[in-house]
Amino acid sequence: MGIVAVLVAALAGFAMGAVWYMALSKPWMKAAGIPTDEHGKPQGSASPIPFAISALAMILVAGMMRHIFEMAAIVGPMEGLVSGLGIGAFFITPWVAMNYGYANRPKALTLLDGGYSILGPGVIGLVLGLF
């Protein structure tokens, strides 16, 4: 059952990212400095590699979150949601902000990616709490 929970939670986190970045694609591409074509689509975006990396990352994050939840006796969807939001807000987003600060990336990019870095683990935690 644990593998199923991890895979479903990873899929939910991936889907949350799809919704987040589709809704915020224009400001994200601008902040990230992604060149676009005349239709506003990213240039050279046909590669499946970023999606494969994202899928693997979601599985790794969901797997470790499940392990943490088991060790900390975090049960139920609300505990999972709050714990996931906390992991995103206090572990992942500060790390993203630190890296973007050193790379002199725009603050808008930090906020956009940081938002998903909080909501993604929140959704993963919510789903893990359902199992």
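Keep in mind the model is a prediction, meaning the values are calculated, not measured. (Residues numbered from 1 in each chain as written. Predicted model: local features only at pLDDT ≥ 70, side-chain atom pairs only at ≥ 80, totals over all residues. Heavy atoms only, no water.)

**A closer look at the overall build of the protein chain**
Okay, so step 1: Each helix and strand counted, the protein chain has five helices and zero strands in total.
Okay, so step 2: Taken from the N to the C terminus, the helices and strands of the protein chain come in the order α-α-α-α-α.
Okay, so step 3: Over its C-alpha trace the protein chain gives a radius of gyration of 16 Å, about what one expects of a compact globule, namely 14 Å for 131 residues.
Okay, so step 4: For the protein chain, the C-alpha atoms occupy an extent of roughly 50 × 30 × 20 Å along the three principal directions.
Okay, so step 5: Per-residue burial for the protein chain yields a buried fraction of 31% across its 131 residues.
Okay, so step 6: Counted over contacts in the protein chain with a minimum sequence separation of 6, partners at least 24 positions apart contribute 76%.
Okay, so step 7: Entry remark: accessible area of the protein chain is about 8,200 Å², with carbon and sulfur atoms responsible for 75%.
Okay, so step 8: Counting 6 positive and 5 negative side-chain charges, the protein chain places the averaged centre of each group 9 Å from the other. (Helix = DSSP H or I, 4+ residues; strand = E, 2+ residues; numbered from the N terminus. Rg over C-alpha atoms; globule rule 2.2 N^0.38 Å. Buried < 20%, exposed > 50% of the residue type's maximum accessible area, 1.4 Å probe, protein only. Contact = heavy atoms within 4.5 Å. Areas by Shrake-Rupley, 256 points an atom, 1.4 Å probe, with all protein chains shown as cover. Lys, Arg positive; Asp, Glu negative; His and termini not counted. Charge placed at Lys NZ, Arg CZ, Asp CG, Glu CD.)

**What to know about the packing of helix α3 (residues 49-72) against helix α5 (residues 107-130)**
Working note: a packed helix pair is described by the angle between its axes plus the distance between those axes.
Okay, so step 1: The interhelical angle for the contact between α3 and α5, taken along N-to-C directions, is 55°, at an axis separation of 10 Å. The angle between α3 and α5 falls in the class oblique. Note that α3 runs across α5; the crossing there is right-handed. From α3, Met58, Val61, Ala62, Met65, Arg66 and Phe69 reach across to α5, where they touch Tyr116, Pro121, Ile124, Gly125 and Leu128.
Okay, so step 2: When the residues that make up the contact of α3 with α5 are grouped by side-chain class, the tally is nine nonpolar, one polar and one charged. (Axes fitted to C-alpha atoms, helices over the stretch in contact; angles between N-to-C directions. Parallel < 35°, antiparallel > 145°, perpendicular 65-115°, else oblique. Left-handed = near helix turned anticlockwise from the far one by under 90°. Nonpolar A, V, L, I, M, F, W, Y, C, P; charged D, E, K, R; others polar.)

**Some points on the layout of surface pockets**
Over the atoms rolls a probe the size of a water molecule, and its path tells where empty space is left.
Okay, so step 1: What the largest pocket holds in volume is close to 1,100 Å³.
Okay, so step 2: Lining the largest pocket are 30 residues, with Tyr21, Trp28, Pro50, Phe51 and Ser54 positioned closest to its centre.
Okay, so step 3: For the lining of the largest pocket, the elements supplying multiple residues, two or more each, are α1 (2-23), α2 (25-32), α3, α4 (77-102) and α5.
Okay, so step 4: The residue makeup of the lining of the largest pocket, split by class, is 20 nonpolar, nine polar and one charged.
Okay, so step 5: Considered as a void within the structure, the second largest pocket measures approximately 190 Å³ in volume.
Okay, so step 6: As for the second largest pocket, its lining consists of Met1, Gly2, Ala5, Arg66, Phe69, Glu70, Ile74, Val75, Gly76, Leu128, Gly129 and Phe131.
Okay, so step 7: Taken together, the elements giving at least two residues each to the lining of the second largest pocket come down to α1, α3 and α5.
Okay, so step 8: The element best represented in the lining of the second largest pocket is α3, accounting for three residues.
Okay, so step 9: Counted by class, the lining of the second largest pocket contains seven nonpolar, three polar and two charged residues. (1 Å grid on protein atoms, 1.4 Å probe; cavity = no way out; pocket = protein on both sides within 12 Å on 5 of 7 lines; lining within 4 Å. Points joined across faces, edges and corners; volume = space filled by probe spheres on them.)

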